[in-house]
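# Fold and contact review
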Amino acid sequence: MKQDSDLRNNLKSIRTRLGMSQQDLANIASVTRQTISGVESGQYAPSVAITLRLAKALGCQVEDLFWLDRDLPEIEAVLAKPVPNGQQLRVSMARVGGQWIAYPLIGKDAFRQDMIPADGEAVAVSHPVAGVPTAVPSPVGDAARTSRQSRPTDCLPVVGSGEPVRVDGSPGISKLLNPKGEGTSQIGTNKVRVRLLDDNLDTLHNTVVIAGCAPVISLWARATERWHPQLRVQYNFANSMAALHSLCRGEAHIAGMHLYDPETGEYNTPFVRDVLVGREAVLITLGVWEEGLLLKSGNPMGIRTVTDLVAGGATIVNREIGSGSRMLLEQTLQKEQIPFDAVQGFDNVLKSHQDVAQAVVGGVADAGMSTASVATAFGLGFIPLHQSRYDLVILKEYLEEAPVQQLLSTLGHRMVHSQFEILGGYDISKIGEVVATV
């Protein structure tokens, strides 16, 4: 029978993965080799009996071999970041706050160490999302306070460069925004139709999205998925402030943060209050980690403090504005009354703990800010400067969702604790504790 134009099959890929020739499969399924060739090329639609024999021969379900294109669902989703119009996209999908979010798998976002499988494909077109501005300027000082009070759901990404200002308009650490109020950032401006690559909507509904920068999040996610096989955890890399804004914009269920406010002596909570104005959230501790300077193995330059960086002419790599590591570096330099521009490489920005470590390993820099566990993983020297509490920020409206509850329940599991403990540089004695509500 001639193949239905909507019928697709996976016969060749499954057969070759099992190391079988067309003749091998034909012999086992009691059909001719020409039948196998015709099915694989799409020229022949097998009968029910032959379909069942093929599935049995390959040890799989019929649905693994054959499907109809028209049966694959299409759903409307909001893009988590702007992309060029007309670009065909691989996307990962999750349902957050009652709407579908599509996360473009482009560039580094498409990889961890191996390529991330896509849930669907889409083509980006510019369609403003109802109620979401296409561009939001960066307010500072009194304007920032007024903006947050009048528009509590606005969530502004950290943009710009140079010496930042605090929300109250006073000079300070990189807690917030562009000091001149310059620049705009596209946020959630596109809706797309996503054609799913399979019809397993249950997996997408059971996906928890975490934005953060702690490498241990992926360890927690994998351990959780072993305990709850129906749960999927999607880890979107983002620095602390970017993660918090992603939570506010409805792109994540959980944001991971490690920001310290020297004025109040508090971790994370002041920043959450600043961004999530008018919204309720809880902060749950993931652990306390040691932050400090990554150095070449053996510390050949004899660096002990940030003052030594300048005295020895050491070159560093920095992190982007909004990251906890950059904030700690700035705070430490200010405490020692060292101008930022006195440190060679202060403006050389990298986007992750792993990138900083690789730069030191590869000789691109003499030092960089990261954590003790990252230093251990890369065989680098480490000078501790501060202990930072890493918290998970969760909107209260998400706490009752079953996938989120399943994920959080594993914070007390031994398999999670053991993964953290062997890394070193982590204190998990308070893991899972609610440390604040806002």
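This report concerns the structure included in the present document. (Residues numbered from 1 in each chain as written. Predicted model: local features only at pLDDT ≥ 70, side-chain atom pairs only at ≥ 80, totals over all residues. Heavy atoms only, no water.)

This part covers the pairing of strand β3 (residues 74-79). Direction of pairing for β3 relative to strand β9 (residues 191-196): antiparallel, over a ladder of five bridges. Of the residues in β9, the one forming a bridge with Val78 is Lys191. Sheet analysis places β3 next to strand β5 (residues 99-104), joined by two bridges and oriented parallel. Considered in β5, the bridge of Leu79 is made with Ala102. (Pairing = 2+ DSSP bridges. Helix = DSSP H or I, 4+ residues; strand = E, 2+ residues; numbered from the N terminus.)

Quick look at the side chain of His353 now. In this fold, His353 is placed in helix α13 (residues 353-361). Judged by relative accessible area, His353 falls into the buried class, the value being 0%. There is a polar contact of 2.9 Å between the side chain of His353 and the side chain of Ser370. Residues contacting His353, with those up to four places away along its chain left out, are Cys213, Pro215, His258, Trp289, Arg319, Ser325, Ser370, Thr371 and Val374. (Buried < 20%, exposed > 50% of the residue type's maximum accessible area, 1.4 Å probe, protein only. Polar contact = N/O pair within 3.5 Å; in protein donor to acceptor, adjacent residues only side chain to side chain. Contact = heavy atoms within 4.5 Å.)

Mapped onto the secondary structure, Arg15 falls in helix α1 (residues 11-17). You can call Arg15 buried: its relative accessible area is 6%. A polar side-chain atom of Arg15 sits 2.8 Å from the main-chain carbonyl oxygen of Met20.

Where helix α2 (residues 22-29) meets helix α4 (residues 48-58), the axes come as close as 9 Å, and the angle between the chain directions of the two elements is 115°. Here α2 lies roughly perpendicular to α4, going by the angle between them. The crossing of α2 and α4 is right-handed. Between α2 and α4, the contacting residues are Leu25, Ile28 and Ala29 on the first element and Arg53, Leu54, Ala57 and Leu58 on the second. Across the contact of α2 with α4, the residue classes tally to six nonpolar, no polar and one charged. (Axes fitted to C-alpha atoms, helices over the stretch in contact; angles between N-to-C directions. Parallel < 35°, antiparallel > 145°, perpendicular 65-115°, else oblique. Left-handed = near helix turned anticlockwise from the far one by under 90°. Nonpolar A, V, L, I, M, F, W, Y, C, P; charged D, E, K, R; others polar.)

Each aromatic ring pair is characterised by the separation of its centres together with the angle its planes make. Overall, the coordinates contain five aromatic pairs when judged by the stated rule. With a centroid separation of 5.1 Å and an interplanar angle of 65°, the aromatic rings of Trp289 and Tyr390 are classed as edge-to-face. One end of the pair, Trp289, is in strand β15 (residues 281-295); the other, Tyr390, is in strand β19 (residues 381-395), and 101 residues separate them in sequence. For Trp289, a relative accessible area of 1% gives the class buried. Ring centres of Phe340 and Phe346 lie 4.8 Å apart, and the angle between their planes is 20°; this geometry places the pair in the stacked category. Judged by its relative accessible area of 14%, Phe340 falls in the buried class. Accessibility expressed as a relative area gives 7% for Phe346, which makes it buried. Three or more aromatic residues link up through ring pairs in this structure, and these residues are Trp289, Tyr390, Phe420 and Tyr426. (Phe/Tyr/Trp six-rings, centres within 6.5 Å; stacked < 30°, edge-to-face > 60°.)

What follows concerns the packing of helix α8 (residues 216-227) against helix α16 (residues 414-421). Where α8 meets α16, the axes come as close as 9 Å, and the angle between the chain directions of the two elements is 155°. On the basis of the axis angle, α8 is roughly antiparallel to α16. Both α8 and α16 take part in a crossing whose hand is right-handed. Of the residues in α16, those in contact with Val216, Leu219, Trp220, Ala223 and Trp227 of α8 are Met415, Val416, Gln419 and Phe420. Looking at the contact of α8 with α16, its residues break down into eight nonpolar, one polar and no charged.

A barrel is described by the order of its strands in space; here five strands give the closed sequence β3-β5-β4-β6-β9, paired in mixed fashion. Across this sheet, the average inter-strand angle for adjacent strands is 50°, counted without regard to direction. Two elements, strand β6 (residues 120-123) and β9, share two bridges in a ladder whose sense is antiparallel. Looking at the pairing, Gly120 lines up with Leu196 of β9.

What follows covers the pattern of salt bridges. Evaluated as defined, the whole model comprises 13 salt bridges. Between Glu251 and Arg249 there is a salt bridge whose closest N-O contact spans 3.1 Å. Residue Glu251 is classed as buried on the basis of its relative accessible area, which comes to 7%. Among the ionic pairs, Arg319 bridges to Glu320, the shortest N-O distance being 3.1 Å. Assigned by exposure class, Arg319 and Glu320 land together as buried. (Salt bridge = Lys/Arg side-chain N within 4 Å of Asp/Glu carboxyl O.)

Bringing unusual backbone geometry into the picture now. Look at Asn268: it is not a glycine, yet its phi comes out positive at around 65°. Within the secondary structure, Asn268 is located in the loop between β14 (266-267) and α10 (269-275). Residues other than glycine seldom take positive phi values, yet Asn299 does so here, at roughly 50°. With respect to the helices, strands and loops of the structure, Asn299 is situated in the loop between β15 and α11 (306-311). Judged by relative accessible area, Asn299 falls into the buried class, the value being 14%.

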